[in-house]
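Secondary and tertiary structure notes
Single-letter residue listing:
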Amino acid sequence: MFEKVSADAEFIRGEHDVLKFWESGRIFDKLRKQNAGKPAWSFLDGPITANNPMGVHHAWGRTYKDAYQRYFAMNGHELRYQNGFDCQGLWVEIEVERDLGFTTKAAIEELGIDKFSNACKQRVLKYAARQTEQSIRLGYWMDWDDPDTLRKLSDGIGRDEPVTITTPSGKTETGPAHQLVGRLGCPEWGGSYFTFSTENNETIWTFLKKCFERGKIRRGHDVMPWSGRAGSAYSQMEVADGRKLSVHKSVFVRFPLRGREHEYLLVWTTTPWTLTSNVAAAVNPDLEYVKLKSKRDGAVYYFAKENLDFQRLSREFKEGFGRPEWEWPKDVPKLKSIGQIFKEQGGFEIVDTITGADMVGWEYDGPFDDLPAQQQAGGVPEDDSLADKTGISCHRVIDGGRDSKGKPNVVAGEGTGIVHIAPGCGDIDHKLGAEHGIVGIAPLQEDGTFTAEFGDFTGRRANDPETAELVFEKLKEKHLLVSVESYPHIYPHCWRTGDELVFRLVDEWFIDMDWRDEIKAVTEQIRWLPEAIDGKERELEWLTNMRDWMISKKRFWGLALPIWIDDETGDFEVIGSLAELKERAVEGWDEFEGNTPHRPWIDKVKIENPKTGNVMSRIPDVGNPWLDAGIVPFSTMHYNSNRDEWKKWYPADFVTECFPGQFRNWFYALLAMATMMDDSPPFKTLLGHRLVMNEEGKPMHKSDGTAIWFEEAAEQVGVDTMRWMFLAQNPAADLRFGHRNPDKRVTLETPDGPADQTAEGVPTCAVVSAPADETRRQILITLWNTYTFFVNYARLDEFDVTAEAVPVAERPEIDRWVLANLHALIQTANTEMREFNVAGFLKEAARFIDDLSNWYIRRNRRRFWRSKDAGDRDKLAAYQTLYDVLVTLTKLLAPVIPFLTERLYQNLVRAVDKNAPESVHLCEYPQADEALLDPELSQRMALAQLVVNLGHGLREKTSLRVRQPLAELRFACANPAHLAAIENLADVIKEELNVKQITGCEHLDELVSYTYKPNLKTLGPRYGKLLGAIRKELPELDGDLLAPLRSGQAVTVTLGGESVELGPDDVMVGTEQAADWAAADQDGVQIALSTSLTPGLVQEGMARDFVRHVQQLRKDADLEIEDRIVVTYSSDDGEVVGMMETWGEYICRETLADAVNRSDASPAGGKIVTVGSVEVSLAIAKS
RNA sequence: GGGCCCGUAGCUCAAUGGUGAGAGCCGGCUCCUUAUAAGAGCCAGACGGCGGUUCGACUCCGUCCGGGCCUACCA
């Protein structure tokens, strides 16, 4: 028999119980075994950064992943269940550096790259273990590694003693930890994939080799965004993620023109440090320039005419910089125009206007020609081919030229129309420098400080504000400083550390992206969801605009780029596999062997240049981390090791990730790499979703303590509740979760005992989520109450689930109704889940749960309460129907709320049938039985519900409480079929509305009057302008003229002076009530409720009031349902006394009273209650 | 700068070239209830502004105002 169920669901405790059950029962393993060999459904997991514990925002995407996997598993598919951890790259390095207290790359080299790489591996393993535990708590079913094994490996890294582990597939392996770690996620072992695995790195080599063979790998000598802190250049993707509004000191400087006494170029820059490295000045030849004479010192300035009065950043001043958080900084004054600046400096006059073309070729003196860098032949670093030139010798005005789209590089507007060119400090500058054959001066070292050739600047940081001050000071000494101001603009920062980037001339490696059209063609073949986002367009836009992919990074922990170079000739080769490398190796292989292909071990291996016989070394750079994540459709599906297996799983059926940023990151890397590898889409459908926000739609921040840790939400809100909330959310919109109160500490009840901080030592705080509370109250609690109702009565009645089923056709209509709705829900579930629209399914499911509880059970309570009678087929039908509904619903919702459904299933099914599948998650997903669908019945029931609603409304309007019985309800329907439908359900309506009689009528003419309104939709097209008159006059016509319309006949009337033919569809009929009847209508159903009260009805109403009050007293006194009582009341009122004569027996029966006694005095402890309109003192006592 | 989306009730969101613009939450009121921490009903409350097309516009078009998103190397 079923276990007794308590009224309190204890959702969270239940979740922990279920987790234990799944683990001890090895349910997930059984599911995999059960589905082995069945048709594959391929999900590809986007790797999560294994660098920190999960927050609540990670749980949204992971819930999608789990729910769809569970759904397809229940539908008989084999799945891979492979979670992924993103393990390599700067983000790990930064955190490890922080732990070690390092601030420079030199410190890492001092420690030893091997030790540093090991520390990175350790950190990744540590947090992979942590995230694994958290994911398990979420109910996320994956082929997880044992977290303790991961920690054991983490501890073993860097030690010589071998460790022994058990893999998820059950194998026992022994070896040095670093060797084992390189094989994590391999097919023989199972478990999560780690992007640092040898397989993953090696498959990227395969990709890069293909790029190389197509001639797409190139070395670049370019000015790139650079972080001095990280000692690394940043790719376009990273820069896009790290742009911030910053305020810099910008400066107007004058460059003295050679051979023109006291005449100057006016130049402006936001990066004063680059002035040290100025080589040339660029103008737009087509632009007009003014010659302005300053009254203060008689100096003459040249700059773009348009800029004289140009209101700089006026729009930004008013509207900000394009994002809500990028408003104009409060402490920055509005910018002055150049005219204003000169006016404030004593006034000016315009002497002349010339064109840029006139200026090209003019020579000038640079602002820092005293620096050795400016005087060095060939520039800095020296370029032998330009040995006849110095920075100083190149100072002249050049044509700024045009970009690839034909737009001029130099324009008027911001600045002065004369752009200072420093080929060692800017991207365009560098290109212009090369075009014009002028030297470059690259001032910065790896750490972002000036090199030795820069005098007082040497050793200073370029982006240090003090460096800018030094520039201003020196300019002032030289009388070259015109004006300094605070200038807000969007400036690139390190997206991870927030450090400002500088621009530095570097050698980096690129993949040429001139094959972007191939990637776009692949992109077109993919289904991008949700449609409202139009992900395809976003991706195509990125693919159209992206630049070549910078894949190198001058760092330590990451993919070892497989590029070997001949230092003497510059020849380079890309190696495609470790086997190839071994074959080509001429030295160092022995030293490398047994290590993972990371720095420093891989760097030992040298090959020979076949052309020259020189030894080639690997470039020291590591790879862009998106290579690591982009290769996973190949590396994790064994592209290199088992091509048939790969074909079984590739392309993935489904991918889902949080989309902001990913169009240029993971999605891009996947698409580019799959196009190069196989010219095919790596996945068929992508579901993107937005972000988790606080209740105001604002981001939650780690820094101010408002970011919610996963455990805080799990143990306070409950995982099932969260999952429903996540899955019911529109993925195209931000989810407003709620907030964390950092000042309100709470102690969480966890299975391991109370916890007041996370594993990382962060205090646990109160989490408030209104949408979660609503979800729990309206859905989970309602479902639970439905379940407890069934179980507790079924126990009393000893309901036997094995009893022969009452044929559905023989069950009452309301049973068939709920079954019909159930099967409609099954249909919805299957179609929506296959469309990856779980929210659409849950909307209907919520409605069904509500109907089940508040209509089906509410209406059928008395069938369950009836005393036991073996021959009661109607009662059996009720039990069988409700049981069937609950069990099916449990299975339907299993992918969504796996914990609660498991609890229900265990008690509803397993407790009575030991042969049933051991877990709800081992069941087949329900399929709709079309024979049970009955849309017509659903519609009829909806009509009954409509009548009840209308009736309640009328009672409210006429102030007639439902306890007051009424004599009659009459109704009529526009559609005759509805009449019978409602009559069929008359008992339901009678009881619900407390009326004695329900009568269906052809019409309610004698009870109501009718109003007529034109149907504009049908009449408009036919009568056009006449409509105004029709609208006005039709309601005023004599009702008799229009009466035939109500019986479906057409009439012809004169309206607006013209004859108008009206069919039944052309006129809408409304009702108004007559005396003693209250009427209402909706959707073609009219009802009229008799409002006249006979003395008998009044008396009965009083009796029911009396009963109600006694019941309340029973409840207040905490009496048991079967306790018998004696009722005492006092009242002289004749109506009450009369009522008691007629209804006393009824009252006794309903309240289990042995007697109802009248007393003259108010009984002790009596309560004053209102019976009808009379006050009565009432008391009860146990008899 | 370029491109896109959105302005509907106090809040979160629907729908629609046609008469009374829905729902949930919140609030006020009433009712029902021996499964329910539930439920039912009523009330209050909205188409950003201005033009145009149309018999009729919240809907289509234009424009302004206000939000948001994407994109961009403006020195």
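This text gives an overview of the structure that appears in the document. The structure presented is a predicted model; accordingly, all values stated were derived computationally and were not measured.

Describing the overall build of chain A
Within chain A one finds 39 helices and 46 strands. Its C-alpha atoms give chain A principal-axis dimensions of roughly 125 × 85 × 65 Å. A total of 1183 residues make up chain A; the buried ones form 56% of that total. Excluding contacts between residues fewer than 6 apart, the proportion of contacts in chain A whose partners are at least 24 apart in sequence is 75%. Looking at chain A as shown, the accessible area adds up to about 49700 Å², and 47% of this sits on carbon and sulfur atoms. Computed over 138 positive and 186 negative side-chain charges, the inter-centroid distance for chain A is 1 Å.

A look at the packing of helix α27 (residues 770-797) against helix α29 (residues 838-865)
In contact at an axis separation of 10 Å, α27 and α29 are set at 25 degrees when each is read in the N-to-C sense. As judged from the angle between their axes, α27 and α29 are roughly parallel. Here α27 runs over α29; the crossing is left-handed. Taking contact as the criterion, the partners of I779, T782, L783, T786, F789, Y793 and D797 in α27 are, on α29, A846, I849, L852, S853, I857, R861, F864 and W865.

A word on the sheet that holds strand β2 (residues 84-86)
Two pairing modes exist for strands in a sheet, parallel and antiparallel, and in both the strands are linked by backbone hydrogen bonds. One open sheet accounts for 3 strands, arranged β1-β2-β5; its pairing is parallel. Across the chains shown, the open sheet's two edge strands, defined by having one partner strand only, are β1 (48-49) and β5 (193-194). Looking at chain direction, β2 and β5 are connected through 2 bridges and run parallel. Across the sheet, the residue bridging to F85 is F194, located in β5.

Overview of unusual backbone geometry
The residue after V380, namely P381, is reached through a cis peptide bond having omega -10 degrees. You can see P381 is positioned in the loop between α14 (372-375) and β14 (397-399). Cis geometry marks the peptide bond from Y650 to P651; its omega dihedral reads -5 degrees. As for its position among the elements, P651 is in the loop between α23 (643-649) and β27 (652-658). The backbone phi angle of R26 is positive, close to 50 degrees, even though this residue is not glycine. Following the sequence through the fold, R26 ends up in the loop between α1 (11-25) and α2 (27-35). Judged by its relative accessible area of 52%, R26 falls in the exposed class.

Side note on the pattern of salt bridges
If you walk through the whole model with that rule in mind, you get 79 salt bridges. Between R183 and E173 there is a salt bridge; the shortest N-O distance is 3.8 Å. In this pair, R183 is assigned in the loop between α8 (177-181) and β5 and E173 in strand β4 (residues 172-175), connecting sequence segments 10 residues apart. For E173, a relative accessible area of 16% puts it in the buried group. Connected through salt bridges with shared partners, the residues E93, E97, R229, D499 and R555 form a single ionic network.

Re the protein's contact with RNA strand B
Neighbouring residues of RNA strand B: 58 residues in total, closest R664, R963, P1014, N1015 and M1068. Separating a phosphate oxygen of RNA strand B from a side-chain N or O atom of H489 is a distance of 3.5 Å. A distance of 3.3 Å is found between a base oxygen of RNA strand B and a side-chain nitrogen or oxygen belonging to R1108. Considering each element in turn, the surface near RNA strand B owes the most residues, 7 residues, to α27. Its residues assigned to classes, the surface near RNA strand B comprises 19 nonpolar, 19 polar and 20 charged.

Considering the nonpolar core
A general tendency of soluble globular proteins is for nonpolar side chains to be buried together. Counting 166 residues, the largest nonpolar core has F194, M722, F737, F790, F841, L893 and L908 as the members making the most contacts within it. If one sorts the elements of this core by residue count, α29 sits on top with 11 residues. Shared between two domains, this core holds at least three residues of each, these being domain 1 (22-242 + 515-549 + 623-752) and domain 4 (771-924). Beyond its immediate sequence surroundings of up to four residues, F841 is in contact with L825, T828, A829, E832, M833, L892, L893, V896 and Y925. Counting residues in each nonpolar core, the second largest holds 71 residues, with Y193, W564, I607 and F634 among its members.

Observations regarding the environment of P187
Its location among the elements puts P187 in the loop between α8 and β5. The exposure class assigned to P187 is partly exposed, which follows from its relative accessible area of 44%. Spatially, the C-alpha atom of P187 lies 63 Å from that of F252, the residues being 65 residues apart in sequence.

Observations regarding the sheet that holds strand β18 (residues 527-529)
Spatially, β18-β28-β27 is the arrangement adopted by the 3 strands of the open sheet, whose pairing is parallel. Two strands close off the open sheet at either side, each with one partner strand: β18 and β27. Each strand of the sheet is rotated relative to its neighbour by a mean of 15 degrees, with strand direction disregarded. Examined bridge by bridge, β18 and strand β28 (residues 683-689) share 3 bridges and lie parallel to one another. Along β28, the bridge assignment pairs L529 with L687. Docked against the sheet, helix α24 (residues 666-678) engages β18, β27 and β28, running at close to 150 degrees with respect to β27.

A look at the packing of aromatic side chains
Under the defined criterion, the tally for this structure stands at 65 aromatic pairs. Measuring from ring centre to ring centre gives 4.8 Å for Y301 and F342, while their planes differ by 50 degrees; the resulting arrangement is tilted. Placement of the pair is Y301 in strand β12 (residues 300-304) and F342 in helix α12 (residues 338-344), with a sequence separation of 41 residues. On the accessibility criterion, Y301 (2% relative accessible area) is buried. By relative accessible area, F342 is classed as buried at 1%.

Quick notes on helix α4 (residues 90-100)
For α4, the tally of buried residues reaches 8 of 11 residues, placing the bulk of the element in the interior. Along α4, the residues that are buried comprise L90, W91, V92, E93, I94, E95, V96 and E97. Residues of α4 that are buried make contact with β1, β2, α5 (105-111), α6 (113-137), β20 (552-553) and α21 (625-630). Looking one or two places after α4, you find G101, whose phi comes out positive at around 75 degrees.

Topic: the packing of helix α26 (residues 719-728) against helix α31 (residues 898-910)
At a minimum axis separation of 7 Å, α26 and α31 run at an interaxial angle of 120 degrees. One way to sum up the angle between α26 and α31 is to call them oblique. Taking contact as the criterion, the partners of V719, D720 and R723 in α26 are, on α31, P898, F899 and L900.

A few points about the side chain of T901
For T901, the position within the fold is in helix α31. Of note is the side chain of T901, whose polar atom sits 2.7 Å from the backbone oxygen of I897. In contact with T901, other than residues within four places in its own chain, are T890, L893, A894, V920 and H921.

So, how was this worked out
Residues numbered from 1 in each chain as written. Chains lettered and ligands numbered in written order. Predicted model: local features only at pLDDT ≥ 70, side-chain atom pairs only at ≥ 80, totals over all residues. Heavy atoms only, no water. Helix = DSSP H or I, 4+ residues; strand = E, 2+ residues; numbered from the N terminus. Buried < 20%, exposed > 50% of the residue type's maximum accessible area, 1.4 Å probe, protein only. Contact = heavy atoms within 4.5 Å. Areas by Shrake-Rupley, 256 points an atom, 1.4 Å probe, with all protein chains shown as cover. Lys, Arg positive; Asp, Glu negative; His and termini not counted. Charge placed at Lys NZ, Arg CZ, Asp CG, Glu CD. Axes fitted to C-alpha atoms, helices over the stretch in contact; angles between N-to-C directions. Parallel < 35°, antiparallel > 145°, perpendicular 65-115°, else oblique. Left-handed = near helix turned anticlockwise from the far one by under 90°. Pairing = 2+ DSSP bridges. Salt bridge = Lys/Arg side-chain N within 4 Å of Asp/Glu carboxyl O. Near = heavy atom within 4 Å. Polar contact = N/O pair within 3.5 Å; in protein donor to acceptor, adjacent residues only side chain to side chain. Nonpolar A, V, L, I, M, F, W, Y, C, P; charged D, E, K, R; others polar. Core = buried A, V, L, I, M, F, W, Y, C linked by side-chain atoms within 4.5 Å. Domains from an automatic or database assignment. Phe/Tyr/Trp six-rings, centres within 6.5 Å; stacked < 30°, edge-to-face > 60°.

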